[in-house]
Amino acid sequence: MQSIKRVATRTAMAVALGATVLAVVPSSASATEAQVQYWTYKCDDGRACVYHTDGNVWNIEGCGVSGLNDYYNYAKAHGNSFRIFLTNGPGGYKTVDVPAWTEASLPSDWRAYRVQVFC
C-alpha cells in the first residue's frame, strides 16, 4: 500500500502539470479572445504591447479581443497589428490603430478599455 505522503505528492504534481498545460495550450472554445497576457519591462517578440504610464509593459499574445482597464501612453506592434479602444468619460470614445511593426503614442489621460489583435 502506498503511503499517504507519496499519493499526495503525486496528486500535487499531476495538478501542477495540468495547470501548466492549461496555461500554455490556448482554449479552442473562443477564437476571438486573446490568450496570453503578462507584465514585463519590455515588448517581447511577436507581441502587441501597451506601455503603462508607470513604465511597465503589458504584453498580449494571440489574436482577438482582450480587456484593458487602465492608462497607457505608448503602444508597439512587435508582430501583428492591433487596435486600442479608449474612453475619457461619457460620450468620449476613440480608437488608435497600430499597424504591424510600428509604434504609436497614446493619450495618457484616456483610459484604455479594450485591445483587438488582428491576425
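Thresholds, definitions, all that
- One numbering rule holds for all chains: residues counted from 1, following each sequence as written.
- Local features in a predicted model are, by the rule used here, given only for residues with pLDDT of at least 70; side-chain atom pairs are given and counted only at 80 or more, and totals for whole chains, interfaces and linings are based on all residues.
- Hydrogens and water molecules were not included; the side-chain quantities draw on all heavy atoms of the structure.
- The disulfide criterion is simple: two cysteine sulfur atoms within 2.5 Å.
- Working definition: with a 1.4 Å probe on protein chains only, accessible area under 20% of the residue-type maximum means buried, over 50% means exposed, and in between means partly exposed.
- Starting at the N terminus, helices and strands are each numbered in turn, a helix being any DSSP run of H or I of at least four residues and a strand any DSSP run of E of at least two.
- Strands are labelled as partners when DSSP assigns at least two bridges between them.
- In these notes, a set of buried Ala, Val, Leu, Ile, Met, Phe, Trp, Tyr and Cys residues joined through side-chain atoms within 4.5 Å is what counts as a nonpolar core.
- The contact rule is simple, with two residues in contact once any of their heavy atoms fall within 4.5 Å.
- Stacked, edge-to-face and tilted are the three classes for Phe, Tyr and Trp ring pairs, Trp counted by its six-membered ring, which pair at centre distances within 6.5 Å; planes under 30 degrees apart are stacked, over 60 edge-to-face, the rest tilted.
- Between Lys or Arg on one side and Asp or Glu on the other, a salt bridge is scored when a side-chain nitrogen of the former is within 4 Å of a carboxyl oxygen of the latter.

In the annotation of an unreviewed UniProt entry, the entry for the protein chain reads Peptidase inhibitor family I36 protein, and the organism field reads Streptomyces galbus.

Turning to the state of the cysteines, a few remarks are in order. If you walk through the whole model with that rule in mind, you get two disulfides. Residue Cys43 pairs covalently with Cys49 via a disulfide, S to S 2.1 Å. Across the disulfide from Cys43 to Cys49, rotation about the S-S bond amounts to roughly 85°, and the bridge is consequently right-handed. Here Cys43 falls in the buried class, since its relative accessible area comes to 9%.

Across the five residues of strand 3 (residues 57-61), four count as buried, placing the element largely inside the fold. Note: strand 1 (residues 36-40) against strand 3, five bridges, orientation antiparallel. Along strand 3, the bridge assignment pairs Thr40 with Val57. As paired strands, strand 2 (residues 48-52) and strand 3 are joined by four bridges and run antiparallel to one another. Bridging across to strand 3, Tyr51 finds its partner in Val57. Hairpin connection of strand 2 to strand 3: four residues between the antiparallel strands, including Gly55 at a positive phi of 100°.

Turning our eyes to something else, we now look at the nonpolar core. Ranked by size, the top nonpolar core spans 19 residues in total, and within it Val50, Leu68, Tyr72, Ala75, Phe82, Ile84 and Val98 carry the most contacts. Those elements giving two or more residues to this core turn out to be strand 2, strand 3, strand 4 (64-77), strand 5 (82-87), strand 6 (93-98) and strand 8 (111-117). Of the residues forming this core, the biggest block, four residues, is contributed by strand 4.

Along the chain, Tyr38 falls in strand 1. A C-alpha to C-alpha distance of 6.9 Å links Tyr38 and Ile60, two positions 22 residues apart in sequence. Setting aside residues no more than four positions away along its own chain, Tyr38 makes contact with Asp44, Arg47, Val57, Trp58 and Asn59.

Take the packing of aromatic side chains next. Evaluated as defined, the whole model comprises four aromatic pairs. Ring centres of Trp39 and Trp58 lie 4.8 Å apart, and the angle between their planes is 55°; this geometry places the pair in the tilted category. Placement of Trp39 in strand 1 and of Trp58 in strand 3 is noted, with a sequence separation of 19 residues between them. By relative accessible area, which is 43% here, Trp39 ends up partly exposed. Seen from their ring centres, Tyr93 and Tyr113 are 6.0 Å apart, and the 85° between their planes marks the pair as edge-to-face. Of this pair, Tyr93 sits in strand 6 while Tyr113 sits in strand 8; the two residues are 20 residues apart in sequence, bridging distant segments of the chain.

Summed over the entire model, instances satisfying the criterion amount to three salt bridges. A salt bridge links Glu61 to Arg47; the shortest N-O distance between them is 3.3 Å. Here the residue Glu61 occupies a position in strand 3, and Arg47 occupies one in the loop between strand 1 and strand 2, the gap between them amounting to 14 residues. Residue Glu61 is classed as partly exposed on the basis of its relative accessible area, which comes to 32%. Given a relative accessible area of 18%, Arg47 falls into the buried group. Two residues, Asp97 and Arg83, come together in a salt bridge whose shortest N-O distance is 2.5 Å.

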